[in-house]
Each structure stands twice: as C-alpha cells, then as structure tokens.
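# Structural description and commentary
This is what each chain is made of:
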Amino acid sequence: MEVRKAAAADVESMQQLIQQFADDGLMLPRTVKSLCEHLQSFTVAVEDGRVVGVAGLHVLWKDLAEIRSLAVDPQVHGQGVGRKVVEHLLHEAEQLGIAQVLSLTYQTGFFEKLNFHVVRKESLPHKVWKDCIYCKKFYHCDEVAMVYYTQHYEAFQAIREA
Ligand SMILES: CC(C)(COP(=O)(O)OP(=O)(O)OC[C@H]1O[C@@H](n2cnc3c(N)ncnc32)[C@H](O)[C@@H]1OP(=O)(O)O)[C@@H](O)C(=O)NCCC(=O)NCCS
C-alpha cells in the first residue's frame, strides 16, 4: 500500500469514499469542486491502483490544523490504513511547524491509539466551527474534540505565556 499526497486523478474516488460515510451522518459530504479546491491538503492510501483511504489536513491558524474527511474503505478496515493516513498528516503538520492537530470525531478509540487526547470543545477557537453551519447536527453536535500535540507545542505555549 502506498500513502501519498492526493492527485487530480484521485478526486472521484475520494469523493465516493467520503460520500458513503456522509450518507450515514459520520462526516460532512464533500463535493468534487471542494475536493479540487483543497486538493493540496489531501493524502490518500492506494492499494493495487485503488484509493482505499483519504483524509485532509486543513490549517486553521498558526498553531492549529484539523484532520478532515478521514475515510477508509470498509473492505480494508482494521488493516492499518487509517493509522498510516493520519500519521502521514501528522508528519506534514510537524514539517509545517503546527503545534496542535485537531479531530472532531466519533472514533475516539481510533484517535486515542494515535495519541490524540480529548479536549473541551469550549477550549477551541471559534474558527474551528466555521464549516459547522453546513452540518445537519449544527444544533445538537455530539462529536468529540480530540487534539494531538506535536513537537512544536511546548515552544508555542512558551511564547503564549511570555
Ligand atoms: C475510523 C477509521 C478511519 C479507522 O480506519 P482503519 O483503517 O480501520 O483503522 P486502523 O486499522 O488504522 O486502526 C489503527 C488502530 O486503531 C484501532 N481502531 C480502529 N478503529 C477503532 C475504533 N472505532 N475504536 C477503537 N479502536 C479502533 C485499531 O484496532 C488499531 O489499533 P492497533 O494499532 O493497536 O492495532 C475507519 O473505521 C473509517 O473510515 N470509519 C468511518 C468514517 C469515520 O468515522 N471517519 C472518522 C471521521 S473523524
């Protein structure tokens, strides 16, 4: 399996993978247009030429990025695809100098395995919630906020507290 940055030829498969979980209310749907506009932020896992995993790293602020649209083909669940895609994005966040990586999720067990920690939603900046107006659950959001602290976190904290 190869984990790499997404390319234009992957977009249709990415959209279909995300859509099947969006239909079940597990994530927000993404249009082909929106995936094209944010193509550089996406990573895919490819097996035998088929896209089996996808997720994007969306930079929200100098110290904060969010993992969005994480979806793994049900046929390969439990085989480490999700882990590899998220680790790829965490590496990208480290390279970009981002201090915290956020996920709003129902998959707390999965993200705990990847060293994410549950945080209070109230502790997150308002810009995190910008796209929530597109969500059916806007008025009764039950997703859990989880954060991964990169190697840059302590340096950012020190600047903030100085
Ligand atoms: C959540 C999801 C991305 C996990 O992908 P996956 O490829 O099946 O997960 P992995 O095989 O990489 O699992 C990594 C670890 O997390 C564990 N894990 C995976 N899903 C889990 C869950 N729901 N609860 C608890 N642990 C879980 C695995 O057992 C594995 O542990 P290990 O490393 O000790 O063996 C996948 O189930 C999925 O696409 N779900 C539907 C869409 C969704 O909810 N996306 C998240 C939106 S934020």
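Residues numbered from 1 in each chain as written. Predicted model: local features only at pLDDT ≥ 70, side-chain atom pairs only at ≥ 80, totals over all residues. Heavy atoms only, no water.

### What to know about the pattern of salt bridges
Pairs can form between side chains of opposite charge once their charged atoms are near each other. Throughout the structure, instances matching the rule amount to eight salt bridges. For arginine 50, the salt bridge is made with aspartate 73, and the minimal N-O distance between the two is 2.6 Å. Taken as a pair, arginine 50 in strand E3 (residues 50-61) and aspartate 73 in the loop between strand E4 (64-72) and helix H3 (81-96) lie far apart in primary sequence, 23 residues in all. The class for arginine 50 is partly exposed, based on a relative accessible area of 35%. Where arginine 83 meets glutamate 87, a salt bridge forms, and the shortest distance between an N and an O atom there is 3.3 Å. Pair noted here: arginine 83 and glutamate 87 are both in helix H3, with a separation of four residues, about one helical turn. Judged by its relative accessible area of 35%, arginine 83 falls in the partly exposed class. Each of Glu2, Arg4 and Asp10 takes part in salt bridges that share partners, so that together they form one network. (Salt bridge = Lys/Arg side-chain N within 4 Å of Asp/Glu carboxyl O. Helix = DSSP H or I, 4+ residues; strand = E, 2+ residues; numbered from the N terminus. Buried < 20%, exposed > 50% of the residue type's maximum accessible area, 1.4 Å probe, protein only.)

### Overview of helix H1 (residues 11-22)
Taking 1.5 Å per residue as the helical rise, H1 with its 12 residues ought to reach 16 Å, and the 16 Å between its terminal C-alpha atoms agrees with that figure. Taken together, the buried positions of H1 are Val11, Met14, Gln15, Leu17, Ile18, Phe21 and Ala22. Along the long axis of H1, the arc covered by the buried residues comes to 165 degrees, so they all point the same way. The inward-facing, buried residues of H1 abut helix H2 (32-37), strand E2 (42-47), E3 and E4. (Expected span 1.5 Å × (residues − 1). Arc of directions from axis to C-beta. Contact = heavy atoms within 4.5 Å.)

### Describing unusual backbone geometry
Not every positive phi belongs to a glycine, and aspartate 48 is a case in point at roughly 50 degrees. Checked against the element boundaries, aspartate 48 lands in the loop between E2 and E3. Overall, the relative accessible area of 81% leaves aspartate 48 in the exposed class. With a phi angle near 70 degrees, asparagine 115 is a residue other than glycine that sits in the positive phi range.

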